[in-house]
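Descriptive structure summary
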Amino acid sequence: FQMPAETQTCPNSLWVLLLGLLCIPAARPAKCPQQCVCDQIQLSVACVRKNLTQVPPAVDEITVKLDLRGNDIQELPTGAFRHTPYLTHLSMQRSNIRRVKEGAFRGLGRLVFLNLANNNIEILYQESFDGLSSLKQLLIDHNRVEEIQPGAFSQLGFLNLLSLTHNQLVYIPNLAFQGLQNMKWLRLSHNSLNYLESEALAGLLTLTRLSLDHNELQFFPTETMTRLPEVTRLDLGYNPMTYLGEESVSMAKVTHLFLDHMSLQDLSNTAVSKCPRLVHLDISFNQLRVIQPFSEGSPKLARLNLAGNPIVCNCYLQPLREWSIRHKVKLMGTCGGPPHMLGENLAAVYPPELRCQSREAMLKAELEEASRMAPPPTEEPENRTKCPVNCVCEAAAHHSSCENGGHTKIPRGFSPDTRLLDLRGNRFHHVPSNSFPGAAQVVSLHLQRSKIVEVEDGAFNGMKGLIYLYLSENDLTSLSPGALKGLPALTYLHLEKNGFTSIPKEAFKLVPSLLALHLEHNAISRLEPGALAGAEGLRALYLTGNAISHLSARALDGVRDLDTLHLGGNKLKEVPTVAMSNLGNLRDLRLSGNLIRWVGPGAFQPLAGSLKELYLDHMVLEKMSERALEGLGPGLRSLFLEGNRLEELPDLHPLSSLEVINLADNPLMCDCPLLPLRLWIEKVNLRVRATCANPPELKGRKVKDVQVFRACPG
């Protein structure tokens with residue numbers, strides 16, 4: 001059949017209805033891996049339980065949903081999904097994944113959901129989730145995660161939910177969740193957490209719900225929780241806490257607090273007095289017999305759950321009951337005694353019914369109950385876990401703790417299987433040579449807050465498996481060259497909050513595996529040439545909160561692999577460009593809170609090929625050269641300039657890969673010199689917090705909303 005010539009271009013006529021199909025170009029045939037099921041309508045590909053050992057390369061580029069559950073993909077290499085840039089949902093549960101290499105998800109800038117549950121992942125590396133700038137939900141439940149490297153989540157600025165339940169986390173280091181600026185719910189349930197650093201959750205300024213239930217926390221992490229200004233619900237049930245002290249919980253917006261199924265034997269009546277919005281307090285299934293009325297600090301408390309506690313309904317309960325009636329607080333639970341009140345609903349018992357027997361009768365009853373509840377004496381098995389006096393040792397978890405045990409000498413006699421040794425909060429003053437015999441398998445050693453002034457040469461001899469050493473919050477001013485002898489695997493060294501006035505450079509020559517050095521909040525004033533001699537493999541250096549006013553031109557020589565440098569809260573008056581001239585791998589630079597007024601041209605030029613995160617916030621910055629950010633170009637992903645004195649900004653157009661920018665709290669002059677910023681805001685798909693301060697009639701208006709720029713040339 002031959003179409004007439006005048007209709008061969010499909011004119012608007014009846015021929016279109018009859019022969020329309022002949023005018024439609026042939027659809028591009030979709031690629032579909034042989035083992036998979038592909039839906040071209042939903043743009044989804046499912047390769048479930050196909051024994052795949054790698055991400056199938058033949059997936060069509062336009063796929064938005066990829067399901068790879070139940071395979072045998074043991075490692076995700078760098079750029080594993082570069083051929084599917086439009087993915088929004090990725091499921092990889094039960095795929096025997098053991099390692100996610102740095103940059104594995106790079107290129108998935110549209111992904112909003114990632115499920116990695118039920119795999120065998122042990123470490124979350126610094127750039128494991130690099131490139132997931134739109135991700136909102138990340139599930140890593142039921143893995144073997146025991147380490148979160150600093151910066152692991154720094155690229156996930158839009159993440160709302162992070163779930164790490166049923167893993168093997170023992171503690172959370174400082175700033176572990178740095179970069180999660182929109183986080184709403186963090187789930188850490190069912191781990192082995194027994195300690196949270198004070199800054200462990202710092203930066204989670206939008207978090208509203210935190211789940212820490214089913215862990216091994218022995219005390220309420222008061223200092224850590226004060227860093228969470230927006231949390232409304234906190235789940236801490238199933239932790240072995242025995243006491244809740246005065247003002248333990250200081251959380252301004254918490255409304256629901258769950259402390260159930262713990263080992264509470266007592267709690268202060270001011271324990272929650274710093275929680276003015278608390279509505280529901282659950283302390284069910286503990287060991288509480290007597291509870292005092294709560295102080296007036298929680299005026300909105302409406303429900304108090306005491307179910308499962310052996311509450312004695314006698315005169316000791318009367319003040320609490322009168323308080324609950326007066327403040328209209330609903331009590332949940334039943335009486336655990338005396339016998340005639342057993343099982344009575346607490347809310348149905350009225351104060352006049354709550355009477356006490358004579359003192360003699362009460363003492364007799366208590367003695368009878370104690371003898372009835374005392375367990376019969378048993379012979380200790382010969383193979384019981386070795387444990388020093390005033391310490392607690394858990395064989396199954398390989399944890400030993402002598403925290404706050406009043407020790408003045410390093411205890412000895414721990415099981416050789418011990419992996420985590422917690423000795424913080426004692427009074428050791430000095431750590432002698434060979435203090436840890438038989439501790440070859442210890443991976444993490446905590447010696448914080450132990451008034452240590454000296455570590456003798458060879459103090460840690462024989463600890464060949466030690467990776468984490470915490471000497472924070474002591475009185476150290478120096479470390480001798482042999483102090484760290486015998487630690488070939490030491491990777492993370494914490495010396496923050498001591499009295500160091502300079503970096504103890506000679507001590508690092510004996511720790512060849514050192515990657516992260518924490519020296520925050522000391523008294524270091526200068527970095528001299530060769531300050532890090534011996535630490536050539538260092539990747540992260542934390543010097544926040546010292547008094548550093550000068551970096552020698554050769555202070556950072558030798559640490560060419562450094563990718564994280566935190567210098568915030570010091571006294572620098574200029575960007576240390578020359579000192580950074582050899583840091584060609586630096587990714588994260590923080591200069592926040594210094595005294596820098598001016599950033600000159602090419603200030604960050606030595607970092608042009610590597611820098612991803614740049615913090616210049618809360619300084620006294622008044623002006624930036626038009627070439628201040630020269631060279632950073634498409635590499636920079638986060639720029640923080642808030643809290644300065646900037647009226648103008650350099651042209652940001654070259655920063656084509658920015659994912660996060662903060663310009664808030666600057667006195668921007670909304671006039672023609674700011675036009676490049678206004679045009680840039682219009683162009684980028686970012687939330688830019690920039691408001692006018694001048695002229696006065698525009699104060700407080702968003703830069704992108706004002707009309708003044710329409711009169712500007714161009």
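Reading the values: the criteria
Residues numbered from 1 in each chain as written. Predicted model: local features only at pLDDT ≥ 70, side-chain atom pairs only at ≥ 80, totals over all residues. Heavy atoms only, no water. Helix = DSSP H or I, 4+ residues; strand = E, 2+ residues; numbered from the N terminus. Buried < 20%, exposed > 50% of the residue type's maximum accessible area, 1.4 Å probe, protein only. Contact = heavy atoms within 4.5 Å. Areas by Shrake-Rupley, 256 points an atom, 1.4 Å probe, with all protein chains shown as cover. Lys, Arg positive; Asp, Glu negative; His and termini not counted. Charge placed at Lys NZ, Arg CZ, Asp CG, Glu CD. Disulfide = S-S within 2.5 Å. Domains from an automatic or database assignment. Patch = residues over 30% accessible without salt bridge, like charges linked within 9 Å, V, L, I, M, F, W, Y side chains within 5 Å. Salt bridge = Lys/Arg side-chain N within 4 Å of Asp/Glu carboxyl O. Phe/Tyr/Trp six-rings, centres within 6.5 Å; stacked < 30°, edge-to-face > 60°. Lys NZ or Arg CZ within 6 Å of the ring centre and 35° of its normal. pLDDT = per-residue confidence, 0-100. Arc of directions from axis to C-beta. Core = buried A, V, L, I, M, F, W, Y, C linked by side-chain atoms within 4.5 Å. Polar contact = N/O pair within 3.5 Å; in protein donor to acceptor, adjacent residues only side chain to side chain.

Digging into the overall build of the protein
Of the regular secondary structure elements, the protein holds five helices and 43 strands. Projecting the C-alpha coordinates of the protein onto the three principal axes gives extents of approximately 115 × 75 × 65 Å. When each of the 714 residues of the protein is scored for burial, the buried share is 50%. Contacts in the protein between residues far apart in sequence, at least 24 positions, make up 52% of those at least 6 positions apart. As displayed, the protein offers around 32500 Å² of accessible surface, 51% of which is attributable to carbon and sulfur atoms. In the protein, 71 positive and 71 negative side-chain charges are present, and the distance between their average locations comes to 3 Å.

Comments concerning the state of the cysteines
Following the criterion strictly, the structure yields seven disulfides and no others. The side chain of Cys36 participates in a disulfide bridge whose partner is Cys47; the two sulfur atoms lie 2.0 Å from each other. Torsion about the S-S bond of the Cys36 and Cys47 cystine: about 105 degrees, corresponding to right-handed handedness. Placement of Cys36 in the loop between α1 (14-23) and β1 (37-39) and of Cys47 in the loop between β2 (44-46) and β3 (65-67) is noted, with a sequence separation of eleven residues between them. Neither residue differs from the other here; Cys36 and Cys47 are each classed as buried. The disulfide that involves Cys391 links it to Cys402, with 2.0 Å between the sulfurs. On the sign convention where negative means left-handed, the S-S torsion of about 105 degrees between Cys391 and Cys402 marks this disulfide as right-handed. Here Cys391, found in the loop between α4 (359-373) and β23 (392-394), pairs with Cys402, found in the loop between β24 (399-401) and β25 (420-422); they are eleven residues apart in sequence, far enough to count as distant.

Some remarks on unusual backbone geometry
Residues Gly337 and Pro338 are joined by a peptide bond in cis, for which omega reads -10 degrees. In this fold, Pro338 is placed in the loop between β22 (330-332) and α4. Pro695 follows Asn694 through a cis peptide bond whose omega is -5 degrees. Tracing the sequence through the fold places Pro695 in the segment after β43 (692-694). Within the chain, Asn390 stands out as a residue other than glycine whose phi angle is a positive 60 degrees. Along the chain, Asn390 turns up in the loop between α4 and β23. Even without being a glycine, His429 presents a positive backbone phi close to 65 degrees. The topology assignment puts His429 in the loop between β25 and β26 (430-431).

Observations concerning the domain arrangement of the protein
The domain architecture assigned to the protein consists of domain 1 (33-168), domain 2 (241-354), domain 3 (414-523) and domain 4 (597-713). A C-alpha centroid distance of 43 Å is found between domain 2 and domain 3.

Quick word on a negative patch on the surface
On the surface, Glu626, Glu647, Glu648 and Asp651 cluster together into a patch of negative charge. Within the secondary structure layout, Glu648 lies in the loop between β40 (638-640) and β41 (660-662).

Things to note about the packing of aromatic side chains
Applying the stated criterion across every chain yields a total of ten aromatic pairs. Aromatic side chains Tyr171 and Tyr470 sit 5.4 Å apart centroid to centroid with 90 degrees between the ring planes, which places their arrangement in the edge-to-face category. Here Tyr470 lies in strand β29 (residues 468-470) and Tyr171 lies in strand β12 (residues 171-172), a separation of 299 residues in the sequence. For the pair shown, Tyr171 and Tyr470 are each scored as buried. Here Phe294 and Trp323 contribute two aromatic rings whose centre-to-centre distance is 5.8 Å and whose plane-to-plane angle is 55 degrees, an arrangement assigned as tilted. One end of the pair, Phe294, is in the loop between β20 (280-282) and β21 (303-305); the other, Trp323, is in helix α3 (residues 318-326), and 29 residues separate them in sequence. Neither residue differs from the other here; Phe294 and Trp323 are each classed as buried. An aromatic cluster of at least three residues, connected via ring pairs, comprises Phe81, Phe105, Phe129, Phe153 and Phe177. One cation-aromatic arrangement involves Arg99 over Tyr125; the distance from NZ or CZ to the ring centre is 4.5 Å. The lysine or arginine in question, Arg424, covers the ring of Tyr195, its NZ or CZ lying 3.3 Å from the ring centre.

Some points on the confidence of the model for the protein
Looking at the protein as a whole, its pLDDT mean stands at 87, while 91% of the residues score no less than 70. Scored below 50 in pLDDT, residues 1-28 shows 14 contacts in the model against residues more than four places distant or in partner chains.

Things to note about α3
Looking only at α3, the buried set comprises Leu320, Arg321, Trp323 and Ser324. For α3, the buried positions fall inside an angular range of 160 degrees around the axis, keeping them on one side. The inward-facing, buried residues of α3 abut β21 and β22. Positioned one or two residues after α3, Lys328 has a phi angle of 60 degrees, which is positive.

Some remarks on the nonpolar core
If you look at the biggest cluster of nonpolar residues, it comprises 101 residues, and the most contacted ones within it are Phe436, Leu445, Leu447, Phe460, Leu469 and Phe604. Counting residues per element, this core draws most heavily on helix α5 (residues 675-683), which supplies four residues. Dropping the residues within four chain positions of it, Leu445 is found in contact with Leu421, Leu423, Phe436, Phe460, Met463, Leu466, Tyr468, Leu469 and Tyr470.

Points about the side chain of Asn662
Note that Asn662 resides in strand β41. The class of Asn662 is buried, set by a relative accessible area of 12%. Engagement of the side chain of Asn662 in a polar contact is seen with the backbone nitrogen of Ala664, the distance being 3.0 Å. Those residues in contact with Asn662 that sit more than four places away from it in its chain are Leu639, Phe640, Leu641, Glu642 and Arg689.

Details of the pattern of salt bridges
Counted by the stated rule, this structure contains 21 salt bridges. One salt bridge in this structure joins Asp130 and Arg637, with 2.4 Å as the shortest N-O distance. Here Arg637 lies in the loop between β39 (623-624) and β40 and Asp130 lies in the loop between β8 (123-124) and β9 (137-139), a separation of 507 residues in the sequence. By relative accessible area, which is 2% here, Asp130 ends up buried. Classification of Arg637 by relative accessible area gives buried; the value is 14%. Asp235 is the salt-bridge partner of Arg233, the closest N and O atoms lying 3.2 Å from each other. In this structure, a network of salt bridges that share partners links the residues Arg106, Glu127, Asp130, Arg587 and Arg637.

Side note on a positive patch on the surface
Residues Arg687, Arg689, Lys702 and Lys704 make up a contiguous surface patch of positive charge. Examined against the element boundaries, Arg689 turns out to sit in the loop between α5 and β43.

A look at the side chain of His399
When you line up the elements, His399 lands in strand β24. You can call His399 buried: its relative accessible area is 8%. For His399, the side chain forms a polar contact with the side chain of Glu216, separated by 3.2 Å. When sequence neighbours within four positions are dropped, the list of residues in contact with His399 reads Val170, Ser192, Asn194, Glu216, Val392, Cys393, Glu394 and Leu420.

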